[in-house]
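# Inside the fold
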Amino acid sequence: MEKIKKIVLAYSGGLDTSVILHWLKEKYGAEVITFTADLGQGEILEKIKKKAEKTGALRAYIKDLKEEFAKNYVLPALKAGALYEGRYPLATALARPLIAKELVKIAEKEGAEAIAHGCTGKGNDQVRFEITARAINPQIKIIAPVREWEFTSREEEIEYAKVNKIPIEVEKSSPYSIDRNLWGISIECGSLENPWQEPPRDSFQITQNPEDSPSKPTYLEIEFNKGVPVAINKKNYPLVKLIEILNRIGGENGVGRLDMVENRLVGIKSREVYEAPAAVILHKAHQELESLTLDRETLHFKPLISNKYAELVYNGLWYSPLREAMDSFIAVTQRWVTGSIKVKLLKGVCQVVGRKSPYSLYDAKLATYTSEDIFDQKAAPGFIKIWGLPITTLAKIRREK
Ligand code: ARG
């Protein structure tokens, strides 16, 4: 195998990336530098750093990226209304470009010619990592050990770890493959590979079973300022904190579970289970506020953007001119998306039950059926006559024939 001097590895501290660290040193004769980001996955980074060093990393970088992730990746996707195939809020997909950007930054600083990741050759994540990395540095070499190495099972990796004295925690092993961050959790594998099988209780990580959740509803008032969620129940929070709170309260009420078969970019349909309480609540509330504040034409046009945006993010094209252009469109629409949405959380359901905005386009005097009504009912017949003219004309001509 060719020799590489220095490699920067995206390191989670799990079995795969621990084995990869050692394997890269062995196969490429390389010095390995690890990078681990805190994206709200609920792990202690200092511990992961120690583990990397114990496993033989030359240096182990850790960085809290929660705020950058929330502000520059999650928020644009929320404003865009980006839900892949109408449902998946893209937690995993949004994190990849940020991690890749940091990897390249470290590689440049360290003079490393390559970066490495632990993705398989069948998934979306490899595509997201690699396209982003090359968007930032087209020269960078990318190594994906899982696509090329000799191991074909977890057991073989564990064996390799034992032989090479790589510290691993086998007791932590679960039948599922789990990727977690602030915006949600993606759960795959194990019995979930059978799409007919209901997700077992133990596959869920942060949401209460709806059956066991409180039987009294929880009401939340969520306030937005120009499309940005800023307060819960009239109390202001920075974005990361606000998302954390909604994950907790939503989770307690069993809100945010998604179970779908989705289309991966590489052509495979896969069964995916997600938990994303904050994302589900915020997307719902944000959409509702748009219903109230956007004019009809813009509102009806927006889903085209939402779908395309979700597709780009899912397919690894975060750093693309189209995404930037869509952000500009979205920014214009969000000028009016200010106001409050009242949601009711109960037994796994998040329901919007109230909405208000200083820019509300709802005009009570037009909508009312009381004596307050100012709608000019006499204008309706003329409107219908002209609006329906093509149909009336067609009916007349066809009838005559
Ligand atoms: N299907 C989701 C996606 O492509 C989740 C991927 C989960 N990734 C993982 N490494 N477990 O975004």
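Please refer to the structure higher up on the page.
Figured I'd write up the structure that's included with this text.

Rules and cut-offs
- The numbers attached to residues start from 1 for each chain and follow its sequence in the written order.
- A pLDDT threshold of at least 70 governs which residues receive local features in this predicted model, and a stricter bar of 80 or more applies before side-chain atom pairs are shown or counted, although totals over entire chains, interfaces and linings include all residues.
- Side-chain numbers come from the whole structure's heavy atoms, not from hydrogens or water.
- Throughout, exposure labels follow a simple rule: accessible area from a 1.4 Å probe, protein chains only, divided by the maximum for the residue type, with under 20% read as buried, over 50% as exposed, and the rest as partly exposed.
- Helix and strand definitions follow DSSP, with helices as H or I runs of at least four residues and strands as E runs of at least two, each counted in order from the N terminus.
- Pairs of strands are assigned from DSSP output, requiring at least two bridges between the strands.
- To obtain each axis, a line is fitted to C-alpha atoms, and for helices this fit is confined to the stretch in contact; angles are then taken between N-to-C directions over 0 to 180 degrees.
- Any angle between 65 and 115 degrees counts as roughly perpendicular, while under 35 counts as roughly parallel, over 145 as roughly antiparallel, and the rest as oblique.
- When checking whether two residues touch, look at their non-hydrogen atoms; a contact exists if any pair is within 4.5 Å.
- Following the grouping adopted for this structure description, the nonpolar residues are Ala, Val, Leu, Ile, Met, Phe, Trp, Tyr, Cys and Pro, the charged ones are Asp, Glu, Lys and Arg, and the polar ones are all others, Gly among them.
- Here a helix's expected span is defined as the number of its residues, less one, multiplied by 1.5 Å.
- One axis is fitted to the seven residues ending at the residue and one to the seven starting there. The bend at that residue is the angle between these axes.
- Working definition: a ring pair exists when centres of Phe, Tyr or Trp rings (six-membered ring for Trp) sit within 6.5 Å. Plane angles under 30 degrees give stacked, over 60 give edge-to-face, the rest tilted.
- Lysine and arginine charges are scored as sitting over a ring when NZ or CZ, respectively, is within 6 Å of the ring centre and within 35 degrees of the ring normal.

### Quick look at the pairing of strand β9 (residues 228-232)
- Most of β9 sits out of view: four of its five residues are buried.
- One ladder, built from four bridges, connects strand β8 (residues 218-225) with β9; its direction is antiparallel. By the bridge assignment for β9, Asn-225 is matched with Val-228.
- As consecutive antiparallel partners, β8 and β9 are separated by two residues, and within that stretch Lys-226 has a phi angle of approximately 50°, a positive value.
- Note that β9 and strand β10 (residues 235-236) share two bridges and pair antiparallel. Residue pairing for β10: Ala-231 is matched across the bridge by Asn-236.
- Between β9 and β10, which pair antiparallel and follow one another directly, the connecting turn spans two residues, one of which, Asn-233, has a positive phi of 50°.

### Describing the sheet that holds strand β1 (residues 6-10)
- Across the sheet, five strands lie side by side as β3-β2-β1-β4-β5; this open sheet has parallel pairing. The sheet terminates laterally at β3 (59-64) and β5 (141-143), the two strands that pair on one side only. Strand-to-strand twist across the sheet, computed as the mean angle between neighbouring axes with direction ignored, equals 25°.
- Both β1 and strand β4 (residues 114-116) contribute to a ladder of three bridges, which runs parallel. Residue pairing in the sheet places Ile-7 in a bridge with Ala-114 of β4.

### Quick look at the packing of helix α8 (residues 239-252) against helix α9 (residues 277-293)
- Relative orientation of the contacting elements α8 and α9 amounts to 100°, with a least axis distance of 7 Å. The angle between α8 and α9 falls in the class roughly perpendicular. Seen from α8, the contacting residues are Leu-242, Ile-243, Leu-246, Asn-247, Gly-250 and Gly-251; seen from α9, they are Pro-277, Ala-278, Ile-281 and Leu-282.
- By residue class, the composition of the contact of α8 with α9 is seven nonpolar, three polar and no charged.

### Some words on the sheet that holds strand β14 (residues 349-356)
- The antiparallel open sheet is built from five strands, whose spatial order is β10-β9-β8-β13-β14. Unpaired on one side and paired on the other, β10 and β14 mark the two borders of the sheet.
- Relative to strand β13 (residues 339-346), β8 runs antiparallel, the two being bridged by seven bridges. Counted as the bridge partner of Leu-220 is Val-343 from β13.

### Concerning helix α10 (residues 296-314)
- Its 19 residues give α10 an end-to-end C-alpha distance of 28 Å, which sits within 8% of 27 Å, the value for a rise of 1.5 Å per residue.
- Of all the bends in α10, the greatest, near 25°, is centred on Lys-302, and the proline Pro-303 appears no more than four residues after it.
- If you check which residues of α10 are buried, you get Lys-302, Ile-305, Ser-306, Tyr-309, Ala-310, Leu-312, Val-313 and Tyr-314.
- The inward-facing, buried residues of α10 contact α3 (66-80), α4 (91-110), α5 (125-136), β11 (257-263), α9 and α11 (321-334).
- A positive phi of about 85° marks Gly-316, the residue just after α10.

### Here we look at the packing of aromatic side chains
- Counting across every chain of the model gives 12 aromatic pairs.
- Seen from their ring centres, Trp-23 and Tyr-28 are 6.2 Å apart, and the 70° between their planes marks the pair as edge-to-face. Each member of the pair Trp-23 and Tyr-28 is classed as buried.
- Ring geometry for Trp-149 and Phe-151: centres 4.8 Å apart, planes at 75°, overall edge-to-face.
- Note on Phe-151: relative accessible area 12%, which makes it buried.
- By way of ring pairs, the aromatic residues Trp-23, Tyr-28, Trp-149, Phe-151 and Tyr-160 are connected into one cluster.
- Above the plane of the ring of Tyr-314 lies Arg-128, whose end atom (NZ or CZ) is 4.9 Å from the centre.

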